[in-house]
Amino acid sequence: MRAFVLLLLLGLVATSAIAVVLTRHQHREAFIALSKAENERDELNIEFGRLQIEQATWSETNRVEQIATSKLGMKFPEGADVVVVQP
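The rules behind each value
Residues numbered from 1 in each chain as written. Predicted model: local features only at pLDDT ≥ 70, side-chain atom pairs only at ≥ 80, totals over all residues. Heavy atoms only, no water. Helix = DSSP H or I, 4+ residues; strand = E, 2+ residues; numbered from the N terminus. Rg over C-alpha atoms; globule rule 2.2 N^0.38 Å. Buried < 20%, exposed > 50% of the residue type's maximum accessible area, 1.4 Å probe, protein only. Areas by Shrake-Rupley, 256 points an atom, 1.4 Å probe, with all protein chains shown as cover. Lys, Arg positive; Asp, Glu negative; His and termini not counted. Charge placed at Lys NZ, Arg CZ, Asp CG, Glu CD. Salt bridge = Lys/Arg side-chain N within 4 Å of Asp/Glu carboxyl O. Patch = residues over 30% accessible without salt bridge, like charges linked within 9 Å, V, L, I, M, F, W, Y side chains within 5 Å.

### Notes on the overall build of the chain
Along the backbone of the chain there are 2 helices and 0 strands. At 35 Å, the chain has a C-alpha radius of gyration far larger than the 12 Å of a compact globule built from 87 residues. In terms of overall dimensions, the chain has C-alpha extents of about 115 × 35 × 15 Å along its principal axes. Relative to its 87 residues, the chain shows a buried fraction of 1%. Here the chain displays about 8500 Å² of accessible surface, and carbon together with sulfur accounts for 65% of that area. Here the chain carries 9 positive and 11 negative side-chain charges, and the mean point of each set is 16 Å from the other.

Quick look at the structure:
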């Protein structure tokens, strides 16, 4: 009977050790996935900042005015060309 209890306890200890190893392995895999996701998030935030700067540059009023006058031939209307419409 004593040998049976000893074998049973030995089996439980071995099972517990295997469970600990598996749990640690899953934890490491989850941590690696989290690190990759954080790196990707950081890269996307940097790219978003670059795109915001680019958008601000392209929509700058001086640039828009320069393109309107040089490429599209647009100009401000003369005083005689302005018509005020009142409701």
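### Things to note about the pattern of salt bridges
According to the stated counting rule, one finds 2 salt bridges in the structure shown. Between Asp42 and Arg41 there is a salt bridge, with its nearest N and O atoms 3.1 Å apart. We classify Asp42 as partly exposed; its relative accessible area is 35%.

### Quick word on the environment of Glu29
Within the fold, Glu29 resides in helix H1 (residues 2-58). For the pair Glu29 and Ser16, spaced 13 residues apart in the sequence, the C-alpha separation amounts to 20 Å.

### What to know about a nonpolar patch on the surface
A contiguous nonpolar surface patch, about 660 Å² in accessible area, is contributed by Met1, Phe4, Val5, Leu8, Leu9 and Leu12. Counting through the fold element by element, Phe4 comes out in helix H1. With a relative accessible area of 54%, Phe4 lands in the exposed category.

Geometric descriptors of this kind do not, in isolation, establish any biological role.
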